[in-house]
Amino acid sequence: MLSDKSDGCCSTHLIDGDGVFNVAGVENFIKEVKLADCGLSYAIVSIMGPQSSGKSTLLNHLFGTNFREMDAYKGRSQTTKGIWMARCVGIEPCTLVMDLEGTDGRERGEDDTTFEKQSALFALAVSDIVLINMWCHDIGREQAANKPLLKTVFQVMMRLFSPRKTTLMFVIRDKTRTPLENLEPVLREDIQKIWDSVPKPQAHEETPLSEFFNVEVVALSSYEEKEEQFKEQVASLRQQFFHSIAPGGLAGDRRGVVPASGFSFSAQHMWEVIKENRDLDLPAHKVMVATVRCEEIAHEKYDSFTANEGWCQLKEAVQSHPVGGFGKKLSSILNTCLSEYDAEATFFDEGVRSTKRKQLEEKLLQLVQPAYQSMLGRIRSDTLERFKEAFDKELKGGIGFAMAAHECTVSFMSQFDEECADAVIDQAKWDSSRVRDKLKRDIDAHIAEIRTAKLAEVTTLYETKLNDALAGPVEGLLDGAADDTWPAIRKLLQRETDSALAGFSASLSGFEMDEQTRENMVLRLKDYARGVVEVKAKEEAGRVLIRMKDRFSMLFSYDSDSMPRVWTGKENIRAITKTARSASLKLLSVMAAIRLEDERDSIENTLAVALSDGGASTKKGIASLDPLASSTWNEVSASKTLITPIQCKSLWKQFNTETEYIVTQAIAAQEASRRNNNWLPPPWAVVALLILGFNEFMTLLRNPLYLGVIFVAFLLVKALWVQLDISGEFRNGALPGLLSLSTKFLPTVTNLLRRLAEAGQRKVNNEPQHNPTPASKSFHGTIASSEVTSENRGE
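The structure displayed is predicted, hence computed values, not measured ones.

Points about the overall build of the chain
Piece 1. Across its full length, the chain carries 26 helices and eight strands.
Piece 2. The buried share of the chain, taken over its 795 residues, is 42%.
Piece 3. Once local pairs closer than 6 in sequence are excluded, the contacts in the chain between residues at least 24 apart make up 74%.

This is the structure:
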């Protein structure tokens, strides 16, 4: 028996190649590593796997051991015989690692795998963590992946030993481009199948795999091709073995741990039990040979298929566009590959041959399935795009929405089915229904989206029509508020709503919706029309004070012919004011509430009693409550109230205040007009003048020359009267008139004389020189005076 202590690593040959347990060597090893002092704080790690798979190399890099490694330049050969044990360098707690002899070695031959099963069972019975070393390309295989070995070991272990919690870590060597997340499920599924197929004692018939085993999977790059990357990954994996028995560690939930001082005896006893068990005999030689050879042939055909030019072209083409005849082309390539396998494996055991062929077919189908799914995905997306274009074209052509949706859906689903049938692979029984359902959902979603948009478009169209048809007329009706305002609004609303609903219902008929949905949409449009009126009424109610003042101003300042009033003193301002305010009060009563139902209310009477007489009842001292001292109207709900009673009272008060100035101005203008029109003396004064001035009158009749002088004087005074606008100046009072005339009198007289002089000079220059008669002089003077007066009026 050998022992090695070089490089700080202590190792021993635990079991030799003949199955002899090295009792003395193990005792010395335990003393050297001081295992007895560890109590329960130690861990056992073992590794199993095919011969020449790099187990020893992995352990040496992972744990700092010095197990003998294969010399690659001398070819594949057995380097580890039996089971070796060593202490891991630099890992706490104390961790021992066992390097098992490789399985499937040519040195032991095809008929003797008993030691392989014995060593594997021993490793599972003793170890806390078992590393299963395997090549990446062996995943899915039977022998290379140790499936029969694990099945036998699980079965015997359940019968011979009380199962303990063990961590199985599958170490995938020389990983390819296939992601680990795709490989791990395969391994876990295989282990679960092995566990499910193992006969178990009655006590553990329903016990899950997780009760006895934790399954972990890691992948490492090729040591020969990517040495640096391999070392980095191993260094990362090494960290997981620190404090491996702590909670959460690789072996944190282990059970039934043997104290370190009893490890040697326990391991020796387990090996003896395993050696005496006969359930670990080998299968028949013929089956073993068929298994190995058929597996090799299947592996060769798989590699041949992956390198096939036709397959590579198909796989690349489906990434960008659908490929015509995809199913036939791929089925032909698969059939060629399987036929070649059948030709080469025809002389081996039929059962093994069929099993391996099925496995090869499954692997090939697993390889091509992503391309098939990509093909279906391309067909689906291409069909969906063509459907969208055709559907849009049909809608623009004026066809009904529901009919267009149905025809396009049936047509393009049929096209999808035809293209999927063209992509079917004969060797596979794959169902394209999920992709078909996805396409149907996408089409339905697109139809629903367009349907929603079209319905929204139709709804918006008729809402706009209703808004245009109602907003302006309602505003005009409310502006001219009268007793028939709300009946007219109700009639307008009914007429426009019926017209819009008729067109809207006709537009909805093309969508083939259920009656309830249609009724709901019609009801919403009807409510919208009502809402337009209500919103407009609320807007006008917010401007009611302006409307009231405008109406008052129109009725007060303009007559029935819409001509501005001239306050001459004959108008009854009180009556005009009362009429204008009554009309404004009518406007307020109309705007106080929304009356879209033919229901009567007492708002107008209440406002008339409370406001039209300026609160006469209150002035008379009647002990009654103010009818406007409330925030609600009788017989009118709050939702229909636009202006509350208290707000009406406040608005009326503000209205009276702001219109009082217009009335005052009218009264002042009327008084001024009266004063201006009373410039003649009273009748008694005229009679007195006639009696007392009789002599003067007779004198004027006897001497007509005086009449000419008086006439000229009259013309001059009349010209001054017009020029100075004496009646206008005294309109605002006597004192302001006198002050204004005092400043204008002299300039006006001077201007008048200058014009007379200019007129006389033009007359002299235009006529021949002669001596006119006195009568002519008088006549011409009169004309000149008239011209001056005329010119002054023109200015």
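What follows continues from the structure just given.
Concerning the nonpolar core
Piece 1. Within the largest apolar cluster, 107 residues are counted, with the highest numbers of intra-cluster contacts made by F326 and L588.
Piece 2. Of the residues forming this core, the biggest block, 14 residues, is contributed by helix α11 (residues 350–396).
Piece 3. In this structure L588 touches V544, M548, L607, L611, I643, C648, L651 and W652, once residues within four positions along its chain are discounted.
Piece 4. Formed by 55 residues, the second largest nonpolar core is a distinct cluster that contains L35, V130, F154 and I194.

Considerations on the packing of aromatic side chains
Piece 1. Counting across every chain of the model gives 17 aromatic pairs.
Piece 2. With centroids separated by 5.0 Å and ring planes inclined at 85 degrees, the aromatic side chains of F63 and F241 adopt a geometry described as edge-to-face. Note that F63 is positioned in helix α2 (residues 55–63) and F241 in the loop between α6 (227–238) and α7 (263–276), a separation of 178 residues in sequence. Each member of the pair, F63 as well as F241, is classed as buried.
Piece 3. Taking the centre distance of 5.7 Å and the plane angle of 85 degrees together, the rings of F122 and W271 count as edge-to-face. Linking F122 in helix α3 (residues 114–126) with W271 in helix α7, this pair joins segments that are 149 residues apart in sequence. Like W271, F122 is buried.
Piece 4. One aromatic cluster is present, formed by F387, F391, F401, F412 and F511 through successive ring pairs.
Piece 5. Here R254 stacks its cationic end above the ring of Y42, 5.9 Å away from the centre of that ring.

Notes on the side chain of R173
Piece 1. Within the element layout of this structure, R173 appears in strand β7 (residues 166–173).
Piece 2. For R173, the residues in contact, after removing those within four places along its chain, are S53, G54, K55, L58, N133, M134, W135, C136, L220 and F230.

Structural notes on the packing of helix α22 (residues 694–702) against helix α23 (residues 704–724)
Piece 1. As a packed pair, α22 and α23 sit with axes 5 Å apart at the nearest point and diverge in direction by 105 degrees. One element, α22, and the other, α23, form an angle in the roughly perpendicular class. Two secondary-structure elements touch here, α22 through T699, L700, L701 and R702 and α23 through P704, Y706, L707 and I710.

Considerations on the environment of N60
Piece 1. By the element assignment, N60 lies in helix α2.
Piece 2. Assessed through its relative accessible area of 13%, N60 is described here as buried.
Piece 3. Sequence spacing of N60 and C88 is 28 residues, and the spatial spacing of their C-alpha atoms is 9.0 Å.

Rules and cut-offs
Residues numbered from 1 in each chain as written. Predicted model: local features only at pLDDT ≥ 70, side-chain atom pairs only at ≥ 80, totals over all residues. Heavy atoms only, no water. Helix = DSSP H or I, 4+ residues; strand = E, 2+ residues; numbered from the N terminus. Buried < 20%, exposed > 50% of the residue type's maximum accessible area, 1.4 Å probe, protein only. Contact = heavy atoms within 4.5 Å. Core = buried A, V, L, I, M, F, W, Y, C linked by side-chain atoms within 4.5 Å. Phe/Tyr/Trp six-rings, centres within 6.5 Å; stacked < 30°, edge-to-face > 60°. Lys NZ or Arg CZ within 6 Å of the ring centre and 35° of its normal. Axes fitted to C-alpha atoms, helices over the stretch in contact; angles between N-to-C directions. Parallel < 35°, antiparallel > 145°, perpendicular 65-115°, else oblique.

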